[in-house]
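Report on the structure
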Amino acid sequence: MDLAGRVAVVTGAATGIGAATARMMASRGATIVGVDRNGAALDALCAALPGSLALVGDVGDEATVAAHAGAVAERFGAADILVTAAGWSTGKGVVGSTLDEWNAVLNTNLTGTFLWCRALLPGMVARKAGSIVLVGSQLAFAGGRSNAPYLASKGAVASLGRCMALDHADDGVRVNVVVPGAIDTPLLERAFARSADPQAARARSVARHPLGRLGRAEEVARAILFLAGDDASFTTGSCLMVDGGWLAA
Ligand code: NAI
């Protein structure tokens, strides 16, 4: 799919799914604005993507997002595409979570999504064109143990996506949610590492997928690319599972 002339803002662009998405969109002609709090990895990514802009900071911080959105407006005018991939988990249940931990996960995964959508939607609405892809999680649909703030945040992200899709259907802006299964990224590696037996945790995760393996970041990026671009012109308010069959099983 050709994305020439499009400006794509990708949060969580430094590693994993966000990085794969940024690279793939750039390879199709998009100009990338990468956002991440991991400055070193983000700078390395953007250095390899000509014309891109690296914005280092916390997606959950209102002032930071406002400043970053201002930088996007100044350099590019409005953005055509927003992908919200910034996210993380603690691997803790309700009882084991402090309020700070709960708030920190919600602040990145949900509030960060809200803040970036709120910052870029007006420009999309004004031009009657835009596409937003939120990154959800299969666990928000299937359930999962010892990850309460994460699952709650991702369930809310799916609801937020449907809500924005309806609110902006008349504005020429589409909003969709990609729902990955377990994808081999630093986030998943950290999740396995929290377990007493990381190898066994990995094997259990593999076994949950009827396709018999973990997903690759590029496989999710391809779905994001589809949802973000004109090939998905009649798709809004959807949750696209890229989960190796996890939710069907
Ligand atoms: P990752 O850890 O490789 O990438 C996440 C990126 O988000 C990192 O570069 C990190 O620095 C950045 N980030 C985290 N909090 C941030 C904040 N407050 N402000 C700015 N940047 C922040 O993880 P991965 O796997 O690529 O995750 C991408 C998205 O996919 C996340 O939303 C995650 O929840 C979701 N996901 C991942 C799955 C997996 O198995 N890897 C499964 C389902 C969903």
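Residues numbered from 1 in each chain as written. Predicted model: local features only at pLDDT ≥ 70, side-chain atom pairs only at ≥ 80, totals over all residues. Heavy atoms only, no water.

**So, unusual backbone geometry**
Quick reminder of the rule: By definition, any uninterrupted DSSP run of H or I lasting at least four residues is a helix, any uninterrupted run of E lasting at least two residues is a strand, and each is numbered from the N terminus. With a 1.4 Å probe rolled over the protein chains alone, any residue whose accessible area is under 20% of its type maximum counts as buried; one over 50% counts as exposed, and the rest are partly exposed.
Unlike most non-glycine residues, lysine 128 shows phi in positive territory, near 55°. By secondary structure assignment, the location of lysine 128 is in the loop between helix H4 (99-127) and strand E5 (130-135). The phi angle at serine 146 is positive, at roughly 55°, despite the residue not being glycine. By the element assignment, serine 146 lies in the loop between helix H5 (139-142) and helix H6 (148-167). The class for serine 146 is partly exposed, based on a relative accessible area of 48%.

**A word on the layout of surface pockets**
Over the atoms, a rolled probe matching the size of one water molecule traces out where space is still vacant. Quick note on the threshold: Only protein atoms enter the calculation, which uses a 1 Å grid: trapped sets of points that fit a 1.4 Å probe without letting it out are cavities, open sets showing protein on both sides within 12 Å along at least five of seven lines are pockets, and any residue with an atom within 4 Å of a point is a lining residue. Grid points are joined across faces, edges and corners, and a volume is the space filled by probe spheres set on the points. Lys, Arg, Asp and Glu make up the charged group, whereas Ala, Val, Leu, Ile, Met, Phe, Trp, Tyr, Cys and Pro make up the nonpolar group; the residues left over, Gly among them, are polar.
As a volume, the largest pocket reaches approximately 1400 Å³. Lining of the largest pocket is provided by 50 residues; of these, Ser89, Asn147, Leu187, Leu188 and Ala191 occupy positions nearest its centre. Elements that contribute at least two residues to the lining of the largest pocket include exactly helix H1 (16-27), strand E2 (31-36), H6, helix H7 (186-193) and helix H8 (198-207). Per-class residue counts for the lining of the largest pocket are 20 nonpolar, 21 polar and nine charged. Its boundaries defined by the atoms lining it, the second largest pocket holds a volume of some 160 Å³. Here the residues of the lining of the second largest pocket sort into three nonpolar, four polar and four charged.

**Thoughts on the site of the ligand**
Convention followed: If a single non-hydrogen atom of a residue is within 4 Å of a molecule or strand, that residue counts as near it. The definition of a polar contact used here is a pair of N or O atoms within 3.5 Å, where within protein one atom must be able to donate a hydrogen and the other to accept one, and adjacent residues in sequence count solely through side-chain atom pairs. Computed with a 1.4 Å probe, the accessible areas rest on the Shrake-Rupley method; for each residue, only the protein chains presented here act as cover. Put plainly, a molecule is in a cavity or pocket when over half of its atoms are within 2 Å of the grid points there.
What surrounds the ligand is a group of 31 residues, the closest being Ile17, Asp36, Tyr150, Lys154 and Thr185. At 2.6 Å, a side-chain N or O of aspartate 36 approaches an oxygen atom of the ligand. Note that an oxygen atom of the ligand is positioned 3.1 Å from one of the backbone N or O atoms of alanine 85. Protein contacts shield 96% of the accessible area of the ligand, which totals 820 Å² for the unbound molecule. Judged by its atoms lying within 2 Å of the grid points, the ligand is housed in the largest pocket. Contributing elements (two or more residues each) for the shell around the ligand: H1, H6 and H7.

**Some remarks on the environment of glycine 5**
The cut-off we apply is this: Here, residues are in contact when the closest pair of their heavy atoms is within 4.5 Å.
Along the chain, glycine 5 turns up in the segment before strand E1 (7-11). Here the alpha-carbon distance between glycine 5 and histidine 168, two residues 163 residues apart in the chain, equals 23 Å. If we ignore the near neighbours within four places in the chain, the residues touching glycine 5 are Gly29 and Asp80.

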